[in-house]
Amino acid sequence: MEQDYKRILVPVDGSNEAEMAFKKAVTVAKMNGGHIDVLTVLDTKQFIGLHGGMLNGDVIYQLSEDAQKYLNELKEGAVKDGFKEDDIDIHVRFGEPKTVISQEFIEEYKNDLIMIGSTGMNAVTRLLVGSVSEYVTRNARTDVIIVRTDIDNKKLVDKKHKK
């Protein structure tokens, strides 16, 4: 059986793990002549306590702008490394990251693979709300690869604890 992935979804959140997943997805897409959809999902429930319990338009606009800038930087880096600009699209969505990634987005864009970092949250957040990657693995309507190593298949080093 050949795995010939043509539409790869890479959810990113700014973590080292997500960026490694993105780099590996670029490599897989190059090998398969595939397309990458890079997605950031802004979970507005995180910000309910701010601004009197409501997000105003300015805050939402700034969140969206910051996410677009981050995604454009990832795309530009991939293009500089030889990936075709037409083969990568960036997307910002609002909603529950778990369901947007595992169900809604892939239904709309017909992705045949999700490459996701092993975790982007701290331990307390994972304990309280659960890992997005864990949920996606259990509920996605397509194949999922959890990226735990860098491009050379070496374990990721936590920059905070690196000596």
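- The chain has the name Universal stress protein UspA in an unreviewed UniProt entry, where Companilactobacillus heilongjiangensis is given as its organism.
- Listed under Sequence similarities (unreviewed entry) in UniProt, the entry text for the chain is "Belongs to the universal stress protein A family."

1. Focus: the packing of aromatic side chains
Then step 1. Applying the stated criterion across every chain, the model contains one aromatic pair.
Then step 2. Here Phe-105 and Tyr-109 contribute two aromatic rings whose centre-to-centre distance is 4.3 Å and whose plane-to-plane angle is 15°, an arrangement assigned as stacked. Here Tyr-109 and Phe-105 lie together in helix H3 (residues 97-109), a separation of four residues that amounts to about one turn.
Then step 3. Since its relative accessible area comes to 23%, Tyr-109 is described here as partly exposed.

2. A few points about the pattern of salt bridges
Then step 1. Applying the stated criterion to the full structure yields four salt bridges.
Then step 2. Among the salt bridges present, the one from Arg-141 reaches Glu-107, with a minimum N-O distance of 1.7 Å. Of this pair, Arg-141 sits in the loop between helix H5 (132-139) and strand E5 (143-147) while Glu-107 is found in helix H3, placing the two residues 34 residues apart along the sequence.
Then step 3. Given the relative accessible area of 41%, Glu-107 is considered partly exposed.

3. Let's talk about the nonpolar core
Then step 1. Counting residues in hydrophobic clusters, the biggest one holds 28 residues, and the most contacted among them are Ile-8, Val-10, Val-12, Phe-22, Ile-36 and Val-38.
Then step 2. No other element matches helix H1 (residues 16-32), which puts eight residues into this core.
Then step 3. If near-sequence neighbours (up to four positions away) are discounted, Val-12 is found in contact with Ala-18, Phe-22, Val-38, Leu-39, Thr-40, Tyr-70, Leu-71 and Leu-74.
Then step 4. Judged by nonpolar contacts, the second largest core, of twelve residues, contains Leu-9, Ile-114, Val-136 and Ala-140.

4. Let's talk about the side chain of Ser-131
Then step 1. Along the chain, Ser-131 falls in the loop between helix H4 (123-129) and H5.
Then step 2. Only 2.9 Å separates the side chain of Ser-131 from the side chain of Ser-133, close enough to count as a polar contact.
Then step 3. One polar contact links the side chain of Ser-131 to the main-chain amide nitrogen of Glu-134, over a distance of 3.2 Å.

5. So, H5
Then step 1. Listing the buried residues of H5 in full gives Val-132, Ser-133 and Val-136. One side of H5 carries all its buried residues, which in axial view fall inside an arc of 95°.
Then step 2. Close packing links the buried residues of H5 with H3, strand E4 (113-117) and E5.

6. Some details on unusual backbone geometry
Then step 1. Unusually for a residue other than glycine, Lys-110 sits at a positive phi of about 55°.
Then step 2. Along the chain, Lys-110 turns up in the loop between H3 and E4.

Reading the values: rules and limits
- Residues numbered from 1 in each chain as written.
- Predicted model: local features only at pLDDT ≥ 70, side-chain atom pairs only at ≥ 80, totals over all residues.
- Heavy atoms only, no water.
- UniProt positions renumbered as here; feature names shortened; annotations may be inferred.
- Phe/Tyr/Trp six-rings, centres within 6.5 Å; stacked < 30°, edge-to-face > 60°.
- Helix = DSSP H or I, 4+ residues; strand = E, 2+ residues; numbered from the N terminus.
- Buried < 20%, exposed > 50% of the residue type's maximum accessible area, 1.4 Å probe, protein only.
- Salt bridge = Lys/Arg side-chain N within 4 Å of Asp/Glu carboxyl O.
- Core = buried A, V, L, I, M, F, W, Y, C linked by side-chain atoms within 4.5 Å.
- Contact = heavy atoms within 4.5 Å.
- Polar contact = N/O pair within 3.5 Å; in protein donor to acceptor, adjacent residues only side chain to side chain.
- Arc of directions from axis to C-beta.

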